[in-house]
Amino acid sequence: VSTQSTGSSGINAEYGEREMSWMADTYKNTIGTTDLNSHACVTGKPIVMGGIHGRTSATGRGVYHSTNIFVEDPEYMEMVGLVPGLSGKTCILQGFGNVGLHTARYFHRAGAKIIGVIEWDGTIYNPSGIDPKALEDWKLEHGTIVGFPGATATEEDLLEAECDILLPCAKEKVITEANAHKIKAKVIAEGANGPITPAADEILIANKQLVIPDIYCNSGGVTVSYFEWLKNLNHVSFGRLTFKYEFDSNKHLLQSVQSSLESRFSGKIPVTPTPEFEAAMGGASEKDIVNSGLSYTMERSGKKIKEVAGQHGLGVDLRTAAFVLALTKISNNIIMAGFTFT
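Notes on the structure follow. (Residues numbered from 1 in each chain as written. Predicted model: local features only at pLDDT ≥ 70, side-chain atom pairs only at ≥ 80, totals over all residues. Heavy atoms only, no water.)

Attention shifts here to the overall build of the chain. Within the chain one finds 12 helices and 7 strands. Per-residue burial over the chain gives 45% buried out of 342 residues. Long-range contacts, defined here as pairs at least 24 residues apart, represent 61% of the contacts in the chain between residues at least 6 apart. Averaging the positions of the 30 positive and the 38 negative side-chain charges in the chain gives two centres separated by 6 Å. (Helix = DSSP H or I, 4+ residues; strand = E, 2+ residues; numbered from the N terminus. Buried < 20%, exposed > 50% of the residue type's maximum accessible area, 1.4 Å probe, protein only. Contact = heavy atoms within 4.5 Å. Lys, Arg positive; Asp, Glu negative; His and termini not counted. Charge placed at Lys NZ, Arg CZ, Asp CG, Glu CD.)

As structure tokens, this is what we get:
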């Protein structure tokens, strides 16, 4: 069982770390009393109960990576009429819960401009850009985005407003056959589960709008949940076994460089590591490893989706490409296992 990646702060926020810890504890103290791997029964747990660093932001980080790999691609950007790169792109976000907040953070850091945020109790807009951190602080203090001084309240349906990238990160079926033709965004990244209906998807594809499908786009959360499951089965945190070895290896590397220089030139030649190298000398933390693994997983999957889309001439229809890729993997496994008859 994986914790739900909550979208908007309203009715979708059903459970989090505390509730997952209840489930793990209940299982361990009932039918799991003899199960050595009882902590692995659920993911999304607190760190002290076998959770993993990086899980909270994982879905939003995955939305960023999955979108970025296509926005950086000149071929796909030519299809939708945009220049490659996230920098300078205008974005409208639906949902400022866990997924939306972290999605906004990573897009903002990449140079994109969050110009609108839609929540269950209000909508705000600022064409000059909204600072996600400032909005987060306001929401933590006031319990809502309404009244945020860095933007203006609006009654306009921002789903249909002018922007480069639309980020529906709250709930399902927000883009339907009734409003799909009004969507102006060139790229729609499905941070939520099923925010676009099948009928709406066909309209968007026909209009040459690029949809990053949910089965890929918001899979960062379940990917890191898988890492948490592996951590629980291994009964050791990622990086713990290599920290000291990596630190000593890097220290010896610097000493070796210094000795080589001093043997070639006379006198003492101190070799001082850069601040970046010194910070990394101790080895990768669990969070570093998790973020690196997530980035690699999203990028590798994105490249494979591109390959399938190209092989079948699917254009901007990435959802079909993702389904073909997934079903091909399943089919290949069945064939290799010998469970088919020809």
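That shown, we press on.
With that out of the way, let us pick up the sheet that holds strand S5 (residues 165-168). Strand order in the open sheet formed by 7 strands is S4-S3-S2-S1-S5-S6-S7, with mixed pairing between adjacent strands. Either end of the sheet is taken by a strand with one partner, and the two such strands are strand S4 (152-153) and strand S7 (210-212). The pairing of strand S1 (residues 90-94) with S5 spans 4 bridges and is parallel. By the bridge assignment, Gln94 is partnered in S5 with Pro168. (Pairing = 2+ DSSP bridges.)

Below, the discussion takes up the environment of Gly129. Here Gly129 shows up in the loop between strand S3 (122-125) and helix H5 (132-142). Since its relative accessible area comes to 21%, Gly129 is described here as partly exposed. Taking the C-alpha atoms as reference, Gly129 lies 24 Å from Asn218; in sequence the two are 89 residues apart. Discounting chain neighbours no more than four positions away, the residues touching Gly129 are Lys113, Ile114, Ile115 and Gly150.

Look at helix H8 (residues 220-234) against helix H11 (residues 286-311): their axes get within 10 Å of each other, and the N-to-C directions meet at 130°. The pairing of H8 with H11 is recorded here as oblique in orientation. The handedness of the crossing between H8 and H11 comes out as right-handed. Of the residues in H11, those in contact with Gly220, Thr223, Val224, Phe227 and Lys231 of H8 are Glu286, Val290, Gly293, Leu294, Thr297 and Met298. When grouped by side-chain class, the residues that make up the contact of H8 with H11 number 5 nonpolar, 4 polar and 2 charged. (Axes fitted to C-alpha atoms, helices over the stretch in contact; angles between N-to-C directions. Parallel < 35°, antiparallel > 145°, perpendicular 65-115°, else oblique. Left-handed = near helix turned anticlockwise from the far one by under 90°. Nonpolar A, V, L, I, M, F, W, Y, C, P; charged D, E, K, R; others polar.)

Time to look at the environment of Arg240. One can find Arg240 in the loop between H8 and helix H9 (243-264). Taking relative accessible area as the criterion, Arg240 reaches 60% and is therefore assigned exposed. Measuring from C-alpha to C-alpha, the distance between Arg240 and Ser285 comes to 8.0 Å, with 45 residues separating the pair along the chain.

Any two side chains of opposite charge can pair if their charged atoms end up close together. Going through the model one piece at a time under the given rule, you end up with 11 salt bridges. The partner of Lys139 in a salt bridge is Glu119, with the nearest N and O atoms 3.3 Å apart. Remark: Glu119 occurs in strand S2 (residues 113-119) and Lys139 occurs in helix H5; sequence separation between them is 20 residues. Taking the relative accessible area as the measure of exposure, Lys139 reaches 14% and is therefore buried. Relative accessible area serves as the criterion here: at 8%, Glu119 is assigned to the buried category. A single salt-bridge network, built from bridges that share partners, covers Glu190, Asp201, Asp214 and Arg319. (Salt bridge = Lys/Arg side-chain N within 4 Å of Asp/Glu carboxyl O.)

Take the nonpolar core next. Counting 52 residues, the largest nonpolar core has Phe70, Phe107, Val117, Leu167, Leu210 and Ile212 as its most contacted members. Not counting residues up to four positions away in its chain, the partners in contact with Ile212 are Ser66, Thr67, Phe70, Val187, Ile188, Ala189, Glu190, Cys217 and Leu318. (Core = buried A, V, L, I, M, F, W, Y, C linked by side-chain atoms within 4.5 Å.)

Given two aromatic rings, their pairing is described by the distance between the two centres and the angle made by the two planes. On inspection of all chains with the given rule, the structure shows 7 aromatic pairs. On the basis of an interplanar angle of 50° and a centroid distance of 6.3 Å, the ring pair of Tyr226 and Phe227 is categorised as tilted. Residue Phe227 is classed as buried on the basis of its relative accessible area of 13%. An aromatic cluster is present here, built from Tyr64, Tyr106 and Phe107 joined pairwise through their rings. The side chain of Arg264 reaches across the aromatic face of Phe265, ending 5.2 Å from its centre. Above the plane of the ring of Phe70 lies Lys306, whose end atom (NZ or CZ) is 5.6 Å from the centre. (Phe/Tyr/Trp six-rings, centres within 6.5 Å; stacked < 30°, edge-to-face > 60°. Lys NZ or Arg CZ within 6 Å of the ring centre and 35° of its normal.)

What follows covers the pairing of S1. Counting buried residues along S1, 4 of its 5 residues qualify, which places the element largely inside the surrounding structure. Where S1 lies against S2, 5 bridges are found, and the strand directions are parallel. Paired with Leu93 across the bridge in S2 is Val117. At this point the chain moves from S1, through helix H4 (residues 98-109), to the parallel S2, and the crossover so formed is right-handed. (Right-handed = clockwise from strand over helix to strand, strands pointing away.)

In this section: a nonpolar patch on the surface. Together, Ile215, Phe323, Leu327, Ile330 and Ile334 line one region of the surface with nonpolar side chains, adding up to about 460 Å² of accessible area. It is helix H12 (residues 318-337) that provides the largest number of residues to the nonpolar patch, a total of 4 residues. Mapped onto the fold, Leu327 is located in helix H12. (Patch = residues over 30% accessible without salt bridge, like charges linked within 9 Å, V, L, I, M, F, W, Y side chains within 5 Å. Areas by Shrake-Rupley, 256 points an atom, 1.4 Å probe, with all protein chains shown as cover.)

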